[in-house]
Amino acid sequence: MPATRRQILSLVAALPLVALSVLPSHAQTAPSIYTEDGIAIDGTDPVAYFTQGEPVAGDASITHEWMEATWQFSSEENRDLFAANPETYAPQYGGYCAYAVAKGSTATTIPEAWSIVDGKLYLNYSNRIQRRWENDIPGHIETADANWPNVLN
């Protein structure tokens, strides 16, 4: 039985929708940030790692929202520095354990297990894991960069 003109027109009209549904999406979503109750890096001030050389507890009244997470700061100056350029201060791999990301998974972190390498902040699960991370930092960064953000899937 031959197709009717209406059936052919309906098919032609639907072709662009079918074509769009099979094209890969090029839109990228922002990588997830590790949080506890919506608070990034356990409420530690990310800027303090760079300015004070140590983890400093943030103040719950001095915050900034970025990438669906609340970041806490020890001073308004640090908050403003972060807000102006969060990628400079935020930990790599969304604050997940850098060593775990290098190994193909994710893990929580503690503020005391950290390092700054080439101007970037890396956090780790524990001081013991931090020592493993330090055995081959360049190699772990290379592997973790290749794994991120696919380890979130």
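The following paragraphs examine the structure supplied in this document. Nothing here was measured: the structure is a model prediction, and the numbers come from that model.

Quick look at the overall build of the protein chain now. Broken down by element type, the protein chain carries seven helices and six strands. The 153 residues of the protein chain split such that 37% are buried. Working note: accessible area of the protein chain is about 9,300 Å², and carbon and sulfur atoms make up 52% of it.

What follows is about the environment of Tyr34. Structurally, Tyr34 can be placed in the loop between helix H1 (5–22) and strand E1 (35–36). A C-alpha to C-alpha distance of 8.9 Å links Tyr34 and Ala107, two positions 73 residues apart in sequence. Excluding its chain neighbours within four sequence positions, the residues that come into contact with Tyr34 are Ile39, Ala40, Ile41, Asp42, Gly94, Gly95, Tyr96, Thr108 and Thr109. For Tyr34, the side chain forms a polar contact with the side chain of Glu36, separated by 2.6 Å.

What follows covers the pairing of strand E4 (residues 69–73). Of all the five residues making up E4, five are buried; the element is thus mostly covered by neighbouring parts of the structure. By the alternation rule, side chains of E4 split into Ala69, Trp71 and Phe73 and Thr70 and Gln72, which are all buried. Between the end of strand E3 (residues 59–66) and the start of E4, which pair antiparallel, lie two residues, with Met67 showing a positive phi angle near 50°.

About the criteria used
In this numbering scheme, every chain counts its residues from 1 along its sequence in written order. Reporting of local features is limited, given that this is a predicted model, to residues whose pLDDT is at least 70; pairs of side-chain atoms are given and counted only at 80 or more, and all residues count toward the totals for whole chains, interfaces and linings. Water and hydrogen atoms were dropped before computing side-chain values, which therefore reflect all heavy atoms in the structure. For the purposes of this entry, the term helix denotes a DSSP run of H or I that reaches at least four residues, the term strand denotes a run of E that reaches at least two, and both are numbered from the N terminus. Note on exposure labels: buried denotes an accessible area under 20% of the residue type's maximum, exposed denotes more than 50%, and partly exposed covers the range between, all computed with a 1.4 Å probe on protein chains only. What sets the accessible areas is the Shrake-Rupley method with a 1.4 Å probe; for residues, cover comes only from the shown protein chains. In what follows, residue pairs with any heavy atoms lying within 4.5 Å of each other are defined as contacts. Counting of polar contacts relies on pairs of N or O atoms within 3.5 Å, with two restrictions inside protein: one atom must be capable of donating a hydrogen and the other of accepting it, and residues adjacent in sequence are counted only when both atoms are side-chain atoms. Two strands pair under a simple rule: DSSP has to find at least two bridges between them.

As far as function goes, none of this settles anything; it's purely spatial.
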